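# Fold and contact review
Single-letter residue listing:
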Amino acid sequence: MTEKRPQSGGDHADHDHPESSADFTEHDWRRFLASLGENPNRSGLRETPLRVSKAWKHWVSGYAQDPAEILKVFEDGAERYNELIVVRGIPVYSHCEHHLAPFFGTATIGYVPEGRIVGLSKLTRLVECFARRLQVQERLTSQVAETLMHELQPKAVGVVIRCRHLCMESRGIRTPGEETITSAMLGELQTNLGMRAELLALGRER
Ligand SMILES: [Zn+2]
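Reference entry: report on the structure contained in this document. Computed from a predicted structure; not experimentally measured.

Here is what the cut-offs are and how they apply
- Residues numbered from 1 in each chain as written.
- Predicted model: local features only at pLDDT ≥ 70, side-chain atom pairs only at ≥ 80, totals over all residues.
- Core = buried A, V, L, I, M, F, W, Y, C linked by C-beta atoms within 7 Å.
- Buried ≥ 20, exposed ≤ 12 C-beta atoms within 10 Å, placed from the backbone.
- Helix = DSSP H or I, 4+ residues; strand = E, 2+ residues; numbered from the N terminus.
- Contact = placed C-beta atoms within 7 Å.
- Pairing = 2+ DSSP bridges.

The biggest cluster of nonpolar side chains holds 31 residues, and the ones touching the most others in it are Ala-107, Val-127, Val-144 and Val-159. Taken together, the elements giving at least two residues each to this core come down to β2 (85-96), β3 (102-112), α4 (120-131), α5 (137-152), β6 (156-165) and β7 (180-187). What Val-127 contacts, discounting residues up to four positions off in sequence, is Ile-90, Val-92, Ala-107 and Val-144.

Structure representation (structure tokens):
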């Protein structure tokens, strides 16, 4: 049997939805709880299917967001600014697509504007838009970088994301607290090694 697997770098989230999301109901979460050996009717679990349904709607709410829309409005005032702008500590909360387990940490975004800058809240929302989907950290990193490059058209974009993955830590595959660091460098950051080192250093610092 041949199965066509999506490329790890591709974004198949916006199409190829053969089943409607409405097909999975609270009843299915009750069946899931029962399959764990639990009694879905005990008082502590009675409201759990509803809560989990709501929580998952939030955790994957990024599918309904358009990243281009988030970056639509620019701020003025950077016409002659040619240096790296770095925003650190942007929160990342996502779920790995292999185990549906949380991975979380922070993102550092750097860019060299070409006349256009965006506010911190926009960068935070851009990260959320892609993090609130089923992800792998590598793809999350490149999606944020590529969208910024495409929409803002700066001279350079660099994104560094560091996250703890509960699927690895809780199963003993990684040491507790160990972080996975991914980066994506576009434009001048691909060739300007000094600028690249500066951004990577900032992304590594706590
Ligand atoms: Zn995983």
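Attention shifts here to the environment of Gly-110. Note on placement: Gly-110 falls in strand β3. According to the C-beta neighbour criterion, Gly-110 is buried, with 26 such atoms within 10 Å. Taking the C-alpha atoms as reference points, Gly-110 and Gly-203, separated by 93 residues in sequence, lie 9.5 Å from one another.

What follows deals with the pairing of β6. For β6, the tally of buried residues reaches eight of ten residues, placing the bulk of the element in the interior. As judged from the ten bridges shared by β3 and β6, these two strands associate in the antiparallel manner. Along β6, the bridge assignment pairs Thr-108 with Val-160. Two strands pair when backbone bridges link them, and β6 and β7 are joined in this way by eight bridges, in the antiparallel orientation. Following the sheet pairing, Val-157 is matched in β7 by Leu-186.

Distances and angles like these do not, on their own, reveal function.
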